[in-house]
Amino acid sequence: MTSTITPILLCGGSGTRLWPLSRKSYPKQFARLMGEESLFQASARRLSGEGFAAPVILTGEPFRFIVTEQLAQVEQAPAGILIEPEGRNTAPAVLAAALWLAQHEGEKALMLVAPSDHVIPDTEAFRAAVQAASKRAEAGDLVTFGIAPTRAETGYGYLELAAGADAGADAPQALARFVEKPDAARAAEMLAAGNYLWNAGIFLFTAETIIAAYRQHAPALIEAVGKALSGAQRDLGFTRLEAEDWMRAEDISIDYAIMEKADNLAVMPFGAGWSDLGGWDAVWLESGPDEAGNVCSEQATAIDCRDTLLRSESDGLELVGIGLSDVIAVAMPDAVLVAHKSEAQRVKEAVAALKTKSARQAVEFPKDHRPWGWFESLVLADRFQVKRIHVLPGASLSLQSHHHRSEHWIVVEGTAKITIDDEVKLVTENESVYIPVGAIHRMENPGKVPMVLIEVQTGAYLGEDDIIRYEDLYARS
């Protein structure tokens, strides 16, 4: 009987190649790129149920409440959420999870490490592959998952199978070596050879086996990450790794730190479909183009177009393409991307260019997600701003004040409990309140449904850093 497997979901990346839908403040794993659920939610569902324990999540400070909210939406409860003070690549993250799991479940615990932004349509086939690989992992091997290649892809690393290994087997195979991302000619050669698989970045092993591998191949990481975990602070159900020791850990991938040096490797072939959605061209392919090769969102229309992706991500904004071929067009409320499909991997250059000109669209998402819900700016002008604020049931903003602005709040949905200095009152739909400059105030949603209000700010400075917090349920400074 195979032991229960603990999923380790990595969700700290920025996903710049899917800008403008994916940005540093709200990366692709949390976006609804493929269907009604986010990629993170789909990953959590895929690795749940019989044979799986509750997941352990590795993420960054800005995403901790997004993680808990999205898990709750799919009725998942994590075993633990580890907060990385800063992203240090996959080697430190996997080690932190292994050390945590060894402490809580024992060193023999099986752990399946998976990025949270991949698409694997056939859940049952993937679960079967995981089960097929588990005996080798329990026996002390480091098992990596290799994807049967369908094209000469230059955007992935490859796994070369050992002599006599079967790329189509339904059991783990011997692995010769890891291969860096190739150029087009080399990718074509490897595809034709038939003994190469794409490196999916998914791994299965026991906590004991991978910790031993770190001790042998990356002892400095054991010291730094071990101290960061032993010095971690519990905070609102999160495990916040100690920052100073964490920052001493080398910024390195698990492939470089461990896998390319280990001799107890095996690869589990998987041929039932996979994508890391590494660019808009991958989104187009995975979305199932129609007979003309077009993929259109609900609010997009293609007229005499071929092999084109048209997506409008804003309610009320219609995107129309006419006579286009091999074009990607993605429209957001604050930014529009138009690119030739063959140039999809260059989208990160756009992000870099926007950062150079200090454009907020480079990193900031139109909806600013907070622990209590979200807000979006509807109008921003000199000395005034209009926002829509969405507060989750039972949630509360911090008790705060502002030096430079006053605020008018108009409730348009639900009921708000409003504190202004010493006065506390309920404000219902179509009612409003005024918060003077300097007043200590708070809004709460005491109801069972979301509360929505319109906020009109007026003042000489309207930045989000003009906040003095006196109390906060979410332990923000």
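Parameters and conventions
- Residues numbered from 1 in each chain as written.
- Predicted model: local features only at pLDDT ≥ 70, side-chain atom pairs only at ≥ 80, totals over all residues.
- Heavy atoms only, no water.
- Helix = DSSP H or I, 4+ residues; strand = E, 2+ residues; numbered from the N terminus.
- Salt bridge = Lys/Arg side-chain N within 4 Å of Asp/Glu carboxyl O.
- Buried < 20%, exposed > 50% of the residue type's maximum accessible area, 1.4 Å probe, protein only.
- Pairing = 2+ DSSP bridges.
- Contact = heavy atoms within 4.5 Å.
- Domains from an automatic or database assignment.
- Axes fitted to C-alpha atoms, helices over the stretch in contact; angles between N-to-C directions.
- Parallel < 35°, antiparallel > 145°, perpendicular 65-115°, else oblique.
- Left-handed = near helix turned anticlockwise from the far one by under 90°.
- Nonpolar A, V, L, I, M, F, W, Y, C, P; charged D, E, K, R; others polar.

Here we take up unusual backbone geometry. Following tryptophan 19, the chain continues into proline 20 via a peptide bond in cis, with omega recorded as 10°. Within the secondary structure, proline 20 is located in the loop between strand E1 (5–10) and helix H1 (39–46). Phi is positive for aspartate 421, close to 55°, though the residue is something other than glycine. With respect to the helices and strands, aspartate 421 occurs in the loop between strand E23 (416–420) and strand E24 (423–427).

Bringing the pattern of salt bridges into the picture now. All chains considered together, the criterion is met by 27 salt bridges. Across the salt bridge formed by arginine 311 and glutamate 313, the nearest N and O atoms sit 2.6 Å from each other. Glutamate 471 serves as the salt-bridge partner of arginine 442, at 3.5 Å between the closest nitrogen and oxygen. Residue arginine 442 is located in strand E26 (residues 441–444), and its partner glutamate 471 is located in strand E28 (residues 468–471); the two are separated by 29 residues in the primary sequence. For arginine 442, a relative accessible area of 13% translates into the label buried. A cluster of three or more residues bridged by salt bridges with shared partners is formed by Glu61, Arg64, Asp235 and Arg240.

Attention now goes to the sheet that holds strand E17 (residues 336–340). On the basis of which strands lie adjacent, the open sheet formed by 4 strands has the order E12-E14-E16-E17 and mixed pairing. One side of each edge strand has no neighbouring strand; the edge strands of this open sheet are strand E12 (295–296) and E17. Where strand E16 (residues 327–331) and E17 come together, 5 bridges link them in antiparallel fashion. For alanine 329, the partnering residue across the bridge sits in E17 and is valine 338.

Mapped onto the fold, arginine 136 is located in helix H4 (residues 123–138). Residue classification places arginine 136 among the partly exposed residues on the basis of a relative accessible area of 30%. A sequence separation of 79 residues divides arginine 136 from arginine 215, and the C-alpha atoms of the two residues are 21 Å apart. Contact partners of arginine 136, with chain neighbours within four places excluded, come to Asp141, Val143, Pro172, Leu265 and Ala266.

Moving on to the domain arrangement of the protein chain. Reports of interface size often rely on the accessible area that becomes lost once the parts have come together. Along its sequence, the protein chain is organised into domain 1 (5–270), domain 2 (287–344) and domain 3 (367–471). Inter-centroid distance (C-alpha atoms) of domain 2 to domain 3 is 36 Å.

Of all 8 residues in H1, 6 are buried, a share of seventy percent or more. Within the sequence span of H1, burial applies to Leu39, Phe40, Gln41, Ser43, Ala44 and Arg46. Buried residues along H1 sit in contact with E1, strand E2 (56–60), helix H2 (64–73), strand E4 (110–115) and H4.

Our next topic: the packing of helix H3 (residues 90–105) against helix H6 (residues 207–217). For the pair H3 and H6, interaxial distance at closest approach is 9 Å and the crossing angle is 130°. Considering the angle they form, H3 stands oblique to H6. With respect to the hand of their crossing, H3 and H6 are arranged in left-handed fashion. When H3 is examined against H6, the residues Thr90, Ala91, Val94, Leu95, Ala98, Leu99 and Ala102 are found in contact with a partner set consisting of Ala207, Ile210, Ile211 and Tyr214. Its residues assigned to classes, the contact of H3 with H6 comprises 10 nonpolar, 1 polar and no charged.

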